[in-house]
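# Summary of the model geometry
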Amino acid sequence: MPGKLTALTLMAVLWTATSLAAEPADAPAKAAGGAADTTPSIFSFAGFGTVGVVHSSESQADFANNFQANGAGYTRNWSASVDSLLAGQVTADFSKRLSGVVQVLVQQRYDGGYRPQVEWANLRYEITPDFSVRVGRTALPVFMENDSRRVGYANPWVRPPAEVYRLEPVSSSDGVDVSYRMPIGNAINTIQVSAGRTDTKFHGGSNIPDGVSHARQLVAFFDTIERGFLIVHFSYLHARLTVDAVKPLFDAYRQFGPQGIAIADRYEMHNRGADFLGAGASYDPGKWFVMGEWGHFESHSFTGAANGWYASAGYRVGKVTPYATIASVRPAGNTSDPGLDVSSLPPDLAAQAGALNAGLNAALGAAVSQRTIAVGARWDFRRNMDAKLQIDRGHIGAGSPGLLTNLQPGFQRGGAVSLVSATVDFVF
Amino acid sequence: MPASRIYLLIIGLALCLVAEVAHADSVAVVSARSPIASLSRDQVTDIFLGKLSHYPDGILAVPIDQEEGSPTRDDFYRRLADKTPAQLKAYWSKIIFTGRGRPPDTVANGIEVKRRLAANPAAIGYIDSTLVDASVRVLF
């Protein structure tokens, strides 16, 4: 709720500022170059979108993007509701230094609906061209393409490798960020520091009910070094996370005395410090590209810890860019727990404790373990549009559901899954 | 009969030549009055890609782009950064849709670029090499 309020407040601020800025002669900002042809509007509109279908070979579970309610496999053989989306963005240049941006995005959400969501809404003030402050909802560049992961046209793949891009649940922040850029020799170094909070509604899938993930006291540090065709990126994020959807499980554990309390304290995600550390690099001299990223997430709770990485390369042949990616994610913590010792309990309590242990182990066992090889091609078939075809072959770790959701009773953990995806991306 | 085919062939070849000429090289230019002594290719690339805001001597750089679809623009970015029009659009999409920046101001053609350079010594642009005259200094 506070997240929604913040976004609404921001939009109100934007519109107020707009109506104030509209009357005075604020236009000369642009006329610095001389020849004033026409006075440009302070508003500009742009948008992007994707129309895509994906097929999964696993009929007893769904492949969907993070937080989505359904996808390809179980719900639909071919799903158009995983990758398809539409977004519009209004940018307002109130003055040479003050600008605002609101981006609204429509795609399938955690509840299976398509209610538009405010992706970003922030005011940006340039203290100097290299030193800026933003207030509002902003993207957190925890991964190299995180800010633009939904802009299919801006990316080489159908979607960024989920093994890495799903490591970290927090991808935006309602708060403040400061960005400072400076040349160091022939390189350009950009430091960004963010502080804020965010709420993310998610689809629980089979093991956890739907809920909200609250991130509080979020602080993040990012460093990007660019030199010629080379980009190197580092990120660190810390937040206190709360997921109340599983609270009843731990409340019940606490009824079982010291042993139950110890289990609840260890695994409950309530105001629990979580850390993410990431590093990545890309090299793109035009004709070809290589890139890779690595990340480590540690939640100190039932969602555990994980390491993920990917490496990707592509070669451009005219308007077609074939590419290949290998990606892997492995849990870095325990994926099961003996739980309460049921042997010492009277039969009725033992049954309850057994059920709690099953619930806990279902949550721990949802840890993602998967290695995927993807091959595909992007075809820039006309101006501002591309078409992509991608085939993924994923090997799921033993006992893990991998990157799948909506697991059905017939679903076998481990094993392999294949995806075929076709998308058309556009910008306007 | 064959004569008309030969004419067609000649016209075709001539059109190819015209196309070649129209595709003459772009050159990076500043105003003849510009205080900027010299810039490396990498520095010009960084200025046009919005990564570098100032010239090495501290003056604010004002890059001037030509409109999308202009052959001079396509040639300039191909030579400068090995980027096709689609790659350049993808690059800017990434920046625009995260609200981190915006592409340089755009003008309609090389003559407009020269007009901008004349009005602002801190401006930097690119024009077709056939448009080079005493009002501009070629960087490369």
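See above for the structure.
First things first, this report covers the structure right here in the doc. (Residues numbered from 1 in each chain as written. Chains lettered and ligands numbered in written order. Predicted model: local features only at pLDDT ≥ 70, side-chain atom pairs only at ≥ 80, totals over all residues. Heavy atoms only, no water.)

### Comments concerning the overall build of chain A
Along the backbone of chain A there are five helices and 19 strands. The buried share of chain A, taken over its 428 residues, is 51%. Within chain A, contacts between residues separated by at least 24 positions form 62% of all contacts whose residues are at least 6 apart in sequence. For chain A, the exposed area adds up to about 18,300 Å²; of that, 63% sits on carbon and sulfur atoms. (Helix = DSSP H or I, 4+ residues; strand = E, 2+ residues; numbered from the N terminus. Buried < 20%, exposed > 50% of the residue type's maximum accessible area, 1.4 Å probe, protein only. Contact = heavy atoms within 4.5 Å. Areas by Shrake-Rupley, 256 points an atom, 1.4 Å probe, with all protein chains shown as cover.)

### Quick word on the sheet that holds strand β4 (residues 123-128) of chain B
All names here are of chain B. Ordered by their spatial adjacency, five strands build an open sheet running β3-β2-β4-β1-β5, and the pairing between neighbours is mixed. Sheet topology places β3 (105-107) and β5 (136-138) at the edges, where each strand pairs with a single neighbour. Within the sheet, the average angular offset between the axes of one strand and its neighbour, ignoring direction, is 40°. In this structure, strand β1 (residues 26-31) lies alongside β4, joined through five bridges in antiparallel fashion. Note on β4: the bridge partner recorded for V27 is I127. (Pairing = 2+ DSSP bridges. Axes fitted to C-alpha atoms, helices over the stretch in contact; angles between N-to-C directions.)

### Quick look at the packing of helix α3 (residues 247-254) of chain A against helix α4 (residues 257-267) of chain A
Any two packed helices are characterised by the angle at which their axes cross and by the distance between the axes. Residue and element names in this part refer to chain A. For the pair α3 and α4, interaxial distance at closest approach is 7 Å and the crossing angle is 150°. On the basis of the axis angle, α3 is roughly antiparallel to α4. Along the contact surface, α3 presents F250, Y253 and R254, while α4 presents G257, G260, I261, I263, A264, D265 and Y267. Taken together, the residues of the contact of α3 with α4 break down into six nonpolar, two polar and two charged. (Parallel < 35°, antiparallel > 145°, perpendicular 65-115°, else oblique. Nonpolar A, V, L, I, M, F, W, Y, C, P; charged D, E, K, R; others polar.)

### Re the nonpolar core
In terms of nonpolar packing, the biggest core is built from 46 residues, with L237, L241, F250, Y253, F302 and L360 of chain A touching the most fellow members. Here this core takes five residues from helix α5 (residues 347-365) of chain A, the largest share from any one element. Ranked by size, the runner-up nonpolar core spans 23 residues in total, among them F48, L49, I124 and Y126 of chain B. (Core = buried A, V, L, I, M, F, W, Y, C linked by side-chain atoms within 4.5 Å.)

### Here's the deal with the packing of aromatic side chains
Residue and element names in this part refer to chain A. As enumerated under the stated definition, the model contains 20 aromatic pairs over all chains in all. Summarising the aromatic geometry, the rings of F426 and F428 are spaced 6.2 Å apart at their centres and angled 25° between planes, so their arrangement reads as stacked. Three or more aromatic residues link up through ring pairs in this structure, and these residues are F143, W157, Y165, F276 and Y310. The side chain of R378 reaches across the aromatic face of Y153, ending 4.8 Å from its centre. (Phe/Tyr/Trp six-rings, centres within 6.5 Å; stacked < 30°, edge-to-face > 60°. Lys NZ or Arg CZ within 6 Å of the ring centre and 35° of its normal.)

Any link to function would need more than the numbers given here.
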